[in-house]
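# Structural overview
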Amino acid sequence: MPAPHPRRHIAFDRLHNFRDLGGYRGADGRSVAWGALYRADSLGKLHVGGADWERFLALGIRTVIDLRYPWEIEAKGRIPLPEPGRLTYANLSIEHRPYDQAAIDPEIDPWRYLADRFAEVAEDGVEEIRQVIELIATGPGPAVFHCTSGKDRTGLIAALVLTLLGVSEEDVLADFALTELATERLLADWHAANPDRTMRWPSYGRAPAIVLSLFLADLSARYGSTAGYLTDRVRISPSTRSHLRSRYLTRS
């Protein structure tokens, strides 16, 4: 894996997969702006007054989109809200069929299995996916979206948004695979939180590009392209696409 841009990863103590989506070449020769759109693992791990909290506030983030199930938030917590009006928070659970990755049969093809779960989300969660993208396009900025590990649900949204910004599939896949740099810490977190369980699946926390590649190929087979899925199935409007590009693309 090529070394990521030095601005890509934002260092936190408790967060392992907080990344800036800036710097990728997008539509019309422009690039995605730095410091405008972030992806992350669970922001429920932040605590007011801690060093991570101060680091988070320093980014000036105004919109937080939590992609987890409500029951995950109830069990694991959500981002603290500072003074009224500072953050717009939305819980938009794009996944509708929960599954336990730690319990996946180690004999199955892990990458095909995950790609099939992505396909389920892309169909089941189409309404929430549209709402997420519209909020990213029009909500107060900068913005961050996250799930638990910042891997699958977050990776799917990142891929769709980057596609709408005109980023090449090569870069979309490369961004997805950067979660591999966090796999060891994500796995350690799981063991710490589940001392009485056995990890059955050897691919827990992995995010190789092949998973997203298979998923995008499936979308193309069904809708002609990823852009076709976004237009015909998600019903992303030209206005939303325009808002995304004017907001997140820059020539500097």
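Let me begin by describing the structure that accompanies this report. What you see is a predicted model, and the numbers here were worked out from it, not measured in a lab. (Residues numbered from 1 in each chain as written. Predicted model: local features only at pLDDT ≥ 70, side-chain atom pairs only at ≥ 80, totals over all residues. Heavy atoms only, no water.)

Turning our attention to helix α1 (residues 51-58). Listed in full, the buried residues belonging to α1 are Asp52, Trp53, Phe56 and Leu57. Along the axis of α1, the buried positions cluster into a sector of 135 degrees, meaning they face one direction only. Just downstream of α1 lies Gly60, where phi reads positive at about 70 degrees. (Buried < 20%, exposed > 50% of the residue type's maximum accessible area, 1.4 Å probe, protein only. Helix = DSSP H or I, 4+ residues; strand = E, 2+ residues; numbered from the N terminus. Arc of directions from axis to C-beta.)

Within the structure shown, the criterion is met by nine aromatic pairs. Taken together, a centroid distance of 4.9 Å and an interplanar angle of 45 degrees make the contact between Phe12 and Phe18 tilted. In terms of burial, Phe12 and Phe18 fall into one category: buried. For the pair Phe118 and Phe176, a centre-to-centre distance of 6.0 Å together with 80 degrees between the ring planes defines the contact as edge-to-face. One end of the pair, Phe118, is in helix α3 (residues 110-124); the other, Phe176, is in helix α6 (residues 169-177), and 58 residues separate them in sequence. Taken individually, Phe118 and Phe176 each receive the classification buried, so the pair is uniform in this respect. An aromatic cluster of three or more residues is present, and its members are Phe12, Phe18 and Tyr38. (Phe/Tyr/Trp six-rings, centres within 6.5 Å; stacked < 30°, edge-to-face > 60°.)

Under the counting rule described, the total for this entry stands at 20 salt bridges. With a closest N to O distance of 2.9 Å, Arg112 and Asp116 form a salt bridge. Of this pair, Arg112 and Asp116 both sit in helix α3, separated by four residues, roughly a single helical turn. For Arg112, a relative accessible area of 26% puts it in the partly exposed group. The network of salt bridges with shared partners includes Arg97, Arg117, Glu120 and Asp124. (Salt bridge = Lys/Arg side-chain N within 4 Å of Asp/Glu carboxyl O.)

We now examine the environment of Ala177. Within the fold, Ala177 resides in helix α6. Between the C-alpha atom of Ala177 and that of Phe145, which follows or precedes it by 32 residues, the distance is 17 Å.

Moving on, we come to the pairing of strand β3 (residues 37-40). Residues of β3 alternate between two faces, with Leu37 and Arg39 on one and Tyr38 and Ala40 on the opposite face, all of them buried. Judged from the two bridges that link them, strand β1 (residues 19-20) and β3 form a sheet pairing that is antiparallel. Bridging across to β3, Arg19 finds its partner in Arg39. As paired strands, β3 and strand β6 (residues 143-146) are joined by four bridges and run parallel to one another. From the neighbouring strand, Ala40 faces β6, where its bridge partner is His146. (Pairing = 2+ DSSP bridges.)

Look at α3 against helix α4 (residues 126-138): their axes get within 5 Å of each other, and the N-to-C directions meet at 80 degrees. Considering the angle they form, α3 stands roughly perpendicular to α4. Contacts between α3 and α4 pair Val121, Ala122, Glu123 and Asp124 from the former with Val126, Glu128 and Ile129 from the latter. Partitioned by chemical class, the residues of the contact of α3 with α4 number four nonpolar, no polar and three charged. (Axes fitted to C-alpha atoms, helices over the stretch in contact; angles between N-to-C directions. Parallel < 35°, antiparallel > 145°, perpendicular 65-115°, else oblique. Contact = heavy atoms within 4.5 Å. Nonpolar A, V, L, I, M, F, W, Y, C, P; charged D, E, K, R; others polar.)

We now examine the sheet that holds strand β4 (residues 63-66). With mixed pairing, the five strands of this open sheet are ordered in space as β1-β3-β6-β4-β5. Two strands in the sheet have a free side with no partner beyond their single neighbour: β1 and β5 (88-91). The sheet contact formed by β4 and β5 spans four bridges and is parallel. Counterpart to Val64 in the pairing with β5 is Tyr89. Where α4 meets the sheet, it contacts β3, β4, β5 and β6, and its direction lies at approximately 170 degrees from that of β4.

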